Amino acid sequence: MKVELKVISGPHEGQAFQFDGHDTFQVGRGPQAHFRLPKKDNFFPRLHFMIEVNPPFCRLTDLESTNGTKINQERVQHADLRHGDVIRGGKTQIGVHIDDDSVRETRRQVASPSDIAAEAKEVATLPAAVQQDATDLNAGKGIGPYEIVREIGRGGMGVVYLARRTNDRALIALKTIRPDVEVSERDIKLFLREAQVLQSLQHPRIIPFVEIGEDSGQLYFAMEYLPAPNAAELLRERGPLSIPTAVAIACQVLEALEYAHARRYVHRDIKPENVLVQDSGASLNVKLADFGLARVYQTSRMSGITMQGEIGGSLAFAPREHLTNYRDAAPTGDLYSVAAMLYTLLTGEFIYDFPDSVARAVLMVLQTDPIPIRDRRDDIPNDLITILHKALERDSEKRFASAADMRAALAACT
């Protein structure tokens, strides 16, 4: 199963791009574009449109281009692509070939502005009333060898429950994932096989996976249960954290990354919701959850098309390369995410003032620098500002070389 995008007219006629897994593809004249148009095609800006591909699914997003993007002569902002569609921008036309008979007759849907606004909000936790409804509905339900007690959170990948192991009644956190698209038994087995290697991560700063399995098409990940709020909940409860507390949280996350990166594991989805914090006032204990799960999930077929739902969620903490090199996650990307999280813990704000538009949010991450932290909070010391600036460089080669280096720099400034 694959997707091919082939130039059928224009300066690069005959050039083709093939995708057999989850990826992103940018078109424009700038250096960040995967398909760079020549300067003589003046209808194209530096970044004209982006396509997210996860065969057999494709979604196009016009990146606020002046002259627009057309599909089969219809100008669109967002559209799900189908076999046989023709994309046009400037003097260039690109044909869409999807090598999967089951979707060739799928009706293309163009998303409305209200649909996009609704899709763009990732829910970290449910409101109390809805949470109670969910608890009543699922309490006592069995998933694998576990019995649900209540829902404790949800995000882009799935729902997390407090559950009991039936054989010894031990409490665990049970993350469930139901594939967003129809997948084969082979896809599920491949995903589980790749996810099971994450069980080898054993470190005091990492929430371990106890068991990974599948029950009637629902994937589950049993993790150590830590009765503590995540950093996002701590922020909502207290407001912007003190500088020593926020830096201590970041340093303990970097301890986990130092261990994992040495073993070639990358988290890829560091954000306050994935950082659990036990703070007694006298001591601080931090653990990082979902280690590596986002990378395995997002590069699989079962994640479907995900980019529309990330504003204010993972996108707020994602480095540029997560958009331009979607399938390749490097340790320096995790360091960027730690810095973006630290910025948020210190200020209560994201590093950008994100708009509702997916296209404008993507362009912001790709092309602009974060809002200076002094504009958000005026008591941040200069040496901490320097560390944040370095870790938030859009060019990954200019960031800290390792988690150990970044942690040492943070420790020296407090």
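Note that this is a predicted model, so its numbers are computed, not measured.

Analysis parameters
- Residues numbered from 1 in each chain as written.
- Predicted model: local features only at pLDDT ≥ 70, side-chain atom pairs only at ≥ 80, totals over all residues.
- Heavy atoms only, no water.
- Buried < 20%, exposed > 50% of the residue type's maximum accessible area, 1.4 Å probe, protein only.
- Helix = DSSP H or I, 4+ residues; strand = E, 2+ residues; numbered from the N terminus.
- Salt bridge = Lys/Arg side-chain N within 4 Å of Asp/Glu carboxyl O.
- Pairing = 2+ DSSP bridges.
- Axes fitted to C-alpha atoms, helices over the stretch in contact; angles between N-to-C directions.
- Phe/Tyr/Trp six-rings, centres within 6.5 Å; stacked < 30°, edge-to-face > 60°.
- Lys NZ or Arg CZ within 6 Å of the ring centre and 35° of its normal.
- Core = buried A, V, L, I, M, F, W, Y, C linked by side-chain atoms within 4.5 Å.
- Parallel < 35°, antiparallel > 145°, perpendicular 65-115°, else oblique.
- Left-handed = near helix turned anticlockwise from the far one by under 90°.
- Contact = heavy atoms within 4.5 Å.
- Nonpolar A, V, L, I, M, F, W, Y, C, P; charged D, E, K, R; others polar.
- Arc of directions from axis to C-beta.
- Polar contact = N/O pair within 3.5 Å; in protein donor to acceptor, adjacent residues only side chain to side chain.

A. Layout of helix H9 (residues 358–367). Burial within H9 is extensive, with seven of its 10 residues counted as buried. When we look at burial in H9, the residues that qualify are Val358, Ala359, Ala361, Val362, Leu363, Val365 and Leu366.

B. Local environment of the pattern of salt bridges. A complete count under the given rule lists 15 salt bridges for this structure. A salt bridge links Glu147 to Arg169; the nearest nitrogen and oxygen atoms lie 3.7 Å apart. One end of the pair, Glu147, is in strand S13 (residues 146–154); the other, Arg169, is in the loop between strand S14 (159–165) and strand S15 (171–177), with 22 residues separating them in the sequence. Assessed through its relative accessible area of 29%, Glu147 is described here as partly exposed. Glu258 is paired through a salt bridge with Arg407; the nearest N and O atoms lie 3.0 Å apart.

C. Representation of the sheet that holds strand S1 (residues 3–9) within the structure. Read across the sheet, six strands follow the order S2-S1-S11-S10-S7-S8 without closing on themselves; strand pairing throughout is antiparallel. The outermost strands of the open sheet, each flanked by one partner alone, are strand S2 (16–19) and strand S8 (74–76). Between one strand axis and the next, the sheet turns through 30° on average, direction left out of account. Pairing of strand S10 (residues 86–89) with strand S11 (residues 92–98), which is carried by four bridges, proceeds in the antiparallel orientation. From the neighbouring strand, Gly89 faces S11, where its bridge partner is Thr92.

D. Structural context of the packing of aromatic side chains. Applying the stated rule across the entire model yields 10 aromatic pairs. Their ring planes at 70° and their centres at 5.9 Å tell us that Tyr146 and Tyr220 sit as a pair that is edge-to-face. Taken together, the residues Tyr146 in strand S13 and Tyr220 in strand S17 (residues 218–224) connect sequence positions 74 residues apart. In this structure, Tyr146 and Tyr220 share a single accessibility class: buried. Of the aromatic side chains, those joined through ring pairs into one cluster are Phe17, Phe19, Phe25 and Phe35. It is Lys390 that lies over the ring of Phe400; its NZ or CZ is 5.3 Å from the centre.

E. Focus on the pairing of S15. Along S15, six of the seven residues are buried, which leaves the element largely enclosed by surrounding structure. Sheet analysis places S14 next to S15, joined by six bridges and oriented antiparallel. By the bridge assignment for S15, Tyr161 is matched with Leu174. Between S14 and S15, which follow one another and run antiparallel, lie five residues, and Arg169 among them has a positive phi close to 65°. Across six bridges, the pairing between S15 and S17 is antiparallel. Of the residues in S17, the one forming a bridge with Ile172 is Glu224.

F. Up close: the nonpolar core. Judged by nonpolar contacts, the single largest core of 90 residues is most densely connected at Ile249, Leu257, Leu384 and Leu410. The leading source of residues in this core is helix H5 (residues 243–262), at 12 residues. In this structure, Val27, Ile51, Val76 and Leu81 belong to the second largest nonpolar core, which totals 23 residues.

G. Expanded view of the pairing of S17. Among the seven residues in S17, six count as buried, and that is most of the element. Sheet topology places strand S16 (residues 209–215) next to S17; six bridges connect them, and they run antiparallel. Paired with Gly213 across the strands is Tyr220, a residue of S17. The hairpin formed by S16 and S17 contains two residues between the paired strands, and Ser216 there has a positive phi angle of roughly 55°.

H. Spotlight on the packing of H5 against helix H8 (residues 331–347). Their axes nearest at 10 Å, the elements H5 and H8 cross at an angle of 165°. The orientation of H5 relative to H8 falls into the category roughly antiparallel. Crossing angle aside, the handedness with which H5 passes H8 is right-handed. Between H5 and H8, the contacting residues are Ile243, Ala246, Val247, Ile249, Ala250, Val253, Leu254, Leu257 and His261 on the first element and Pro331, Asp334, Leu335, Val338, Met341, Leu342, Leu345 and Leu346 on the second. Split by residue class, the contact of H5 with H8 holds 15 nonpolar, one polar and one charged.

I. Structural view of helix H4 (residues 231–238). Within the sequence span of H4, burial applies to Ala231, Ala232, Leu234 and Leu235. Each buried residue of H4 lies within a common arc of 160° when the element is viewed along its axis, so the set occupies one face. For H4, the exposed residues lying more than 90 degrees away from the buried face are Arg236 and Glu237. Regarding H4, its N-cap is Asn230, as a side-chain oxygen of that residue lies 3.0 Å from the backbone nitrogen of Ala232 further along. A positive phi of about 80° marks Gly239, the residue just after H4.

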